[in-house]
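The primary structure of each chain is shown beneath.
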Amino acid sequence: LSPVCLGSLRRAASINAEYMGVTGGKDKLSRDQFERAMDRIPDFTNKMFNPTFWPDHNEWPTLRELITAGQRIIVVIDQGTIAQEYEKFTVLKRSHVTAENMWAVTDKNSCDERHGYNSEKINISGKKWSRLFTMNHFGTLGNAVQAPNDNNWDGLFERILFCTKKAGIGSYPNFLAVDFVTVGDVQEIAEVLTDGGFIFYEGNGATQNIVCGIGAGTSRIVKGGEKGCENDEARSVRMFNVPANTRLQVFDSPDGSLSDDFNILRTTRKIEDESIHSFEQDLNTNSFSSIFLRNNGLDGKVSLFKVTANVGQGDTTPLIVFYEGNGARQNIVCTLSHSRGESLNFKNSGDCDNDEARSVKLIEVPADSEIKVYDNPDGSTRDDYTVIKVLSDIPGGYIVHSFERSYSDSYVTVQFHRHNGLDGKVSRAIYSFGAH
């Protein structure tokens, strides 16, 4: 909270203490008493939400709109005689605007109604807006020992899904009420609910326990062991309200090395709720692509997570990945990705093993790129060499299964110049990328 809000709350507490001293807390506050008390904290009431301020809105204003309008505080109350429009501020009746479950329960298979279930719309000043969902998730008494279990992904998030179905208003919780908000995974869960995100599981097919979750609203890098993301555990991922144009990369290497296993996932449209069974597969659907770069296995070995939000058109990092086996099988020989291209002698390179590469996988390589591989370390055309020309943008992954076959399709033209064989004998690569 800002210092202004803190000061307002302190004065509000002082007013409440004064009221308790006069009445002993036995009588309900009257409308006039409440208004007089609130008028003493104008820097608080000036920020309170007033529905009549939004005549042209068919739905609740966004958070940004509320902040811009200076109405970031929404006050709701159970007492009907207090809930009304005053001269300088407005208080809403809780049951009129929210759906809410009973408190003092954290069982993930229980979510009894307090009020508002199965009633999607409310009526505020003649506006039929969506009902807000407040989800209570705390025990009868605060329990710091139990809080890590109550507030973790398998406890809190699973209960959120259960309560969302029980509430029947077509909305995930807008507000979470929990004890020990800094304990467990509360912050990460709230972030995924707000911005969408990726939820990682110990088992394939989004099964077994949840490892961790990472929000998709902000670009970030999370190392294994940070933010609850245990090292060498994740085998699959669930995409939960992930926006379009979001990229997720997971790496076997804790340093993000492209010479070990990694997977690149990119969304092309908003994904409400879909799972990827395994990181060790290539997928290309109408809503996302997933590209696996194999070395010796990635499931259960993820050590680095990288999320990139708002990936722009053409905002790609083309990769050229050489493999020991034909068809992009066996181990990775090396990965080339210099934006300006390069000419690399494998005999002198510490990155690419000499006389190993038999195939190549092209990842998000743009049109007009060119890759040349040579048997001769100096690039002589008197020995075997192959020229690969990219004809159109490769949106996901494309495999050239062998350097010893000439062919052409809608993506590439491959021209092999034979002498005595090239697969497993590559000693130089020259490449350049088209505009991207």
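The structure displayed is predicted, hence computed values, not measured ones.

**Student:** Hey, could you run me through the pairing of strand 9 (residues 197–203) in this one?
**Tutor:** The side chains of a regular strand alternate between both faces of the sheet. Taken across its 7 residues, strand 9 has 6 buried, putting it largely inside the fold. Relative to strand 10 (residues 207–215), strand 9 runs antiparallel, the two sharing 6 bridges. Each residue of the ladder has a partner; that of Phe198, found in strand 10, is Ile214. The turn joining strand 9 and strand 10, which pair antiparallel and follow one another in sequence, is formed by 3 residues; a positive phi near 70 degrees is taken by Gly205. Two elements, strand 9 and strand 12 (residues 236–242), share 5 bridges in a ladder whose sense is antiparallel. In the sheet register, Phe200 faces strand 12, and the bridge partner there is Val237.

**Student:** I keep staring at the environment of Asn58 and nothing clicks. Help me out?
**Tutor:** Tracing the backbone shows Asn58 in the loop between helix 3 (42–45) and helix 4 (63–69). Classification of Asn58 by relative accessible area gives exposed; the value is 69%. In this structure the C-alpha to C-alpha distance between Asn58 and Trp129, which are 71 residues apart in sequence, comes to 6.5 Å. Once residues lying within four places of it in the same chain are set aside, the contact partners of Asn58 are Lys128 and Trp129.

**Student:** Hey, could you run me through the pairing of strand 18 (residues 304–308) in this one?
**Tutor:** Across the 5 residues that make up strand 18, a large majority, 4, are buried. Strand direction decides the pairing type here: strand 11 (residues 220–223) and strand 18, joined by 4 bridges, are antiparallel. Looking at strand 18, one finds that Ile221 is bridged to Lys306.

**Student:** Sorry, what's going on with helix 8 (residues 186–195) here?
**Tutor:** For an α-helix, the turn length of 3.6 residues means that residues three or four places apart are oriented alike. For helix 8, the full list of buried residues reads Val186, Glu188, Ile189, Val192 and Leu193. Summarising the contacts, the buried residues of helix 8 are in contact with helix 7 (153–167), strand 8 (175–178), strand 9, strand 10 and strand 12. With its phi angle positive at about 80 degrees, Gly196 sits one or two positions after the end of helix 8.

**Student:** Help me out: how do you make sense of the nonpolar core in this one?
**Tutor:** The tendency in soluble globular proteins is for nonpolar side chains to be buried as a group. One finds Ile320, Phe322, Leu336, Leu362, Ile388 and Phe403 to be the most contacted residues of the largest nonpolar core, which totals 29 residues. Put simply, the parts of the chain that give this core at least two residues each are strand 19 (319–325), strand 20 (329–336), strand 22 (359–363), strand 23 (370–374), strand 24 (385–390), strand 25 (397–400), strand 27 (412–417) and strand 28 (428–432). Within the second largest apolar cluster, 24 residues are counted, among which are Val237, Phe292, Leu298 and Val307.

**Student:** Where do I start with the state of the cysteines in this structure?
**Tutor:** Each disulfide is one covalent bond, formed between the sulfur atoms of two cysteines. A full pass over the atoms with the stated rule returns 3 disulfides. Each sulfur in the disulfide pair Cys212 and Cys229 lies 2.0 Å from the other. On the sign convention where negative means left-handed, the S-S torsion of about 95 degrees between Cys212 and Cys229 marks this disulfide as right-handed. Placement of Cys212 in strand 10 and of Cys229 in the loop between strand 11 and strand 12 is noted, with a sequence separation of 17 residues between them. In terms of burial, Cys212 and Cys229 fall into one category: buried. There is a disulfide in this structure between Cys334 and Cys352, and the S-S distance comes to 2.0 Å. Across the S-S bond of Cys334 and Cys352 the torsion is about 90 degrees, and the bridge reads as right-handed. Separated by 18 residues along the polypeptide, Cys334 in strand 20 and Cys352 in the loop between strand 21 (342–345) and strand 22 bring together distant segments of the chain. Note on accessibility: Cys334 and Cys352 belong to one class, buried.

**Student:** Just checking my understanding: could you explain unusual backbone geometry for this structure?
**Tutor:** Residue Phe180 is not a glycine yet carries a positive backbone phi of 55 degrees. For Asn310, which is not a glycine, the phi torsion comes out positive at approximately 55 degrees. With respect to the helices and strands, the residue Asn310 is situated in the loop between strand 18 and strand 19. The exposure class of Asn310 is exposed, given its relative accessible area of 66%.

**Student:** Help me understand the packing of aromatic side chains in this model?
**Tutor:** Each aromatic ring pair is characterised by the separation of its centres together with the angle its planes make. Enumeration according to the criterion identifies 18 aromatic pairs in this entry. A centroid spacing of 5.4 Å and a plane angle of 35 degrees characterise the contact between Phe49 and Trp60, whose relative ring orientation is tilted. Of this pair, Phe49 sits in the loop between helix 3 and helix 4 while Trp60 sits in the loop between helix 3 and helix 4; the two residues are 11 residues apart in sequence, bridging distant segments of the chain. For Phe49, a relative accessible area of 1% puts it in the buried group. These aromatic residues form a ring-pair network of at least three members: Trp153, Phe157, Tyr172 and Phe240. One Lys or Arg, Arg405, reaches over the ring of Tyr407 and ends 4.4 Å from the middle of that ring.

**Student:** Whenever I open this one, the pattern of salt bridges confuses me. Can you help?
**Tutor:** A pair can form between side chains of opposite charge whenever their charged atoms are brought close. Under the defined criterion, the tally for this structure stands at 16 salt bridges. Taking the shortest distance from any N to any O, the salt bridge between Arg114 and Asp78 comes out at 2.9 Å. Remark: Asp78 occurs in the loop between strand 1 (76–77) and strand 2 (92–93) and Arg114 occurs in strand 4 (residues 113–115); sequence separation between them is 36 residues. Asp78 sits in the partly exposed class, given a relative accessible area of 39%. Between Arg220 and Glu191 there is a salt bridge, with its nearest N and O atoms 2.8 Å apart. A residue pair is termed long-range when its members are at least 10 positions apart, and Arg220 in strand 11 and Glu191 in helix 8 qualify at 29 residues. Look at Arg220 and you get buried, because its relative accessible area is 18%. Classification of Glu191 by relative accessible area gives partly exposed; the value is 25%.

The rules behind the values
Residues numbered from 1 in each chain as written. Predicted model: local features only at pLDDT ≥ 70, side-chain atom pairs only at ≥ 80, totals over all residues. Heavy atoms only, no water. Buried < 20%, exposed > 50% of the residue type's maximum accessible area, 1.4 Å probe, protein only. Helix = DSSP H or I, 4+ residues; strand = E, 2+ residues; numbered from the N terminus. Pairing = 2+ DSSP bridges. Contact = heavy atoms within 4.5 Å. Core = buried A, V, L, I, M, F, W, Y, C linked by side-chain atoms within 4.5 Å. Disulfide = S-S within 2.5 Å. Phe/Tyr/Trp six-rings, centres within 6.5 Å; stacked < 30°, edge-to-face > 60°. Lys NZ or Arg CZ within 6 Å of the ring centre and 35° of its normal. Salt bridge = Lys/Arg side-chain N within 4 Å of Asp/Glu carboxyl O.

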